[in-house]
Amino acid sequence: MSAQPRVHILFSHDEIKATVRRLAAEIKKDYQARDPLLIGILTGSFMFMADLIRLLDFPLEVEFVRLSSYGRGRQSSGKVRVVKGLTSSVKGRDVLIIEDIVDTGLTTSFLLDYLRKKKPASLKLCALTDKPSRRQTPVIIDYLGFTVPDKFLVGYGLDWDEKFRNLPDICYLEVEE
Ligand code: 5GP
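Now for a description of the structure that goes with this document.

What about unusual backbone geometry?
T43 follows L42 through a cis peptide bond whose omega is 0°. Not every positive phi belongs to a glycine, and Y156 is a case in point at roughly 50°. Within the secondary structure, Y156 is located in the loop between β8 (153-154) and β9 (170-176). According to the relative accessible area criterion, Y156 is buried, its value standing at 2%. The residue E162 is not glycine, and still its phi comes out positive at about 70°.

Structure (structure tokens):
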């Protein structure tokens, strides 16, 4: 029989809601008069982005890019490429990247370099979760939700083989052999 993952809650939806509220307050303080461009990384950040921007009651724009570093499953291939690029110009804009998780840091540092070349007025990073124990390249996270242990997370947008994105909580998987 194939291995069946067990799902354990790490952060409940109520804890997530409180953290997203805190992040929204920090972002509002810094960006409310700047018409920022928020760029989400698909697919994992869609739920975080949706909840976050509903708490940002000032003019802003939203874009998504799709990058690929993970194949199906839990291992990163280590190589990042753009699968779906930007449709609007970032030149001269105040850009805030919205990321679900910073793990090795390779995806985020690739996107920071990619966007920096397009000459935004400013470029910052908001990450819902950070797994610093796995870092391979340094990344500065300007707005951080949770620091998480070295476990594979699912739920609240995060997947395992495209499953579990619809869980309202942030969970970790334990694979039973
Ligand atoms: P990094 O390039 O920092 O290693 O990884 C960034 C991307 O890898 C994230 O946007 C996410 O898609 C994926 N990733 C990293 N860690 C996890 C995890 O624990 N769970 C899930 N579902 N995806 C992860």
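Examining the site of the ligand
The environment of the ligand is made up of 16 residues, and the closest members are T104, G105, T107, L153 and D159. In this structure, E99 approaches the ligand through a side-chain N or O atom, which is 3.2 Å from an oxygen atom. At 2.7 Å, a backbone N or O of L153 approaches a nitrogen atom of the ligand. Coverage of the ligand by the protein chains reaches 91% of its 500 Å² of free accessible surface. The set of elements that each furnish at least two residues to the shell around the ligand consists of β5 (94-102) and α3 (106-116). For the shell around the ligand, the per-class residue count stands at 7 nonpolar, 3 polar and 6 charged.

Considering helix α1 (residues 13-31)
Compared with the 27 Å implied by 1.5 Å per residue over 19 residues, the 26 Å span of α1 between its first and last C-alpha is a close match. Within the span of α1, buried status applies to I16, T19, V20, L23, A24, I27 and Y31. Seen from one end, α1 has its buried residues packed into an arc of 145°, which puts them on one side. Exposed residues pointing more than 90 degrees away from the buried face of α1 are listed as D14, R21 and K29. Taken together, the buried residues of α1 touch β1 (4-11), α2 (46-53), β5, β6 (122-130), β7 (143-147) and β9.

Here's the deal with the packing of α1 against α2
For any two helices packed against each other, the geometry comes down to the angle between their axes and how far apart the axes lie. The interhelical angle for the contact between α1 and α2, taken along N-to-C directions, is 60°, at an axis separation of 9 Å. With respect to α2, the element α1 is oriented oblique. Read as a crossing pair, α1 and α2 show a hand that is right-handed. Taking contact as the criterion, the partners of H13, V20, L23, A24 and I27 in α1 are, on α2, F48, D51 and L52.

Focus: the sheet that holds β1
Two pairing modes exist for strands in a sheet, parallel and antiparallel, and in both the strands are linked by backbone hydrogen bonds. With antiparallel pairing, the 3 strands of this open sheet are ordered in space as β1-β9-β8. Edge positions in the open sheet fall to β1 and β8, since each of these has one partner strand only. Examined bridge by bridge, β8 and β9 share 2 bridges and lie antiparallel to one another. In the sheet register, L153 faces β9, and the bridge partner there is Y172.

Focus on the environment of V80
Inspection of the secondary structure assignment puts V80 in strand β4 (residues 76-84). Judged by relative accessible area, which is 19%, V80 ranks as buried. Setting aside residues no more than four positions away along its own chain, V80 makes contact with L67, S68, S69, L106, T107 and F110.

Quick word on the packing of aromatic side chains
Using the criterion set out here, one finds 4 aromatic pairs in the structure. Aromatic side chains Y31 and Y143 sit 6.3 Å apart centroid to centroid with 55° between the ring planes, which places their arrangement in the tilted category. With Y31 in helix α1 and Y143 in strand β7, the pair connects residues that are 112 residues apart, well separated along the chain. The class for Y31 is buried, based on a relative accessible area of 1%. Taking the centre distance of 6.1 Å and the plane angle of 15° together, the rings of F110 and Y114 count as stacked. Linking F110 with Y114, this pair stays in helix α3, spanning 4 residues, or about one helical turn. Residue classification places F110 among the partly exposed positions, given a relative accessible area of 28%.

What counts and how
- Residues numbered from 1 in each chain as written.
- Predicted model: local features only at pLDDT ≥ 70, side-chain atom pairs only at ≥ 80, totals over all residues.
- Heavy atoms only, no water.
- Helix = DSSP H or I, 4+ residues; strand = E, 2+ residues; numbered from the N terminus.
- Buried < 20%, exposed > 50% of the residue type's maximum accessible area, 1.4 Å probe, protein only.
- Near = heavy atom within 4 Å.
- Polar contact = N/O pair within 3.5 Å; in protein donor to acceptor, adjacent residues only side chain to side chain.
- Areas by Shrake-Rupley, 256 points an atom, 1.4 Å probe, with all protein chains shown as cover.
- Nonpolar A, V, L, I, M, F, W, Y, C, P; charged D, E, K, R; others polar.
- Expected span 1.5 Å × (residues − 1).
- Arc of directions from axis to C-beta.
- Contact = heavy atoms within 4.5 Å.
- Axes fitted to C-alpha atoms, helices over the stretch in contact; angles between N-to-C directions.
- Parallel < 35°, antiparallel > 145°, perpendicular 65-115°, else oblique.
- Left-handed = near helix turned anticlockwise from the far one by under 90°.
- Pairing = 2+ DSSP bridges.
- Phe/Tyr/Trp six-rings, centres within 6.5 Å; stacked < 30°, edge-to-face > 60°.

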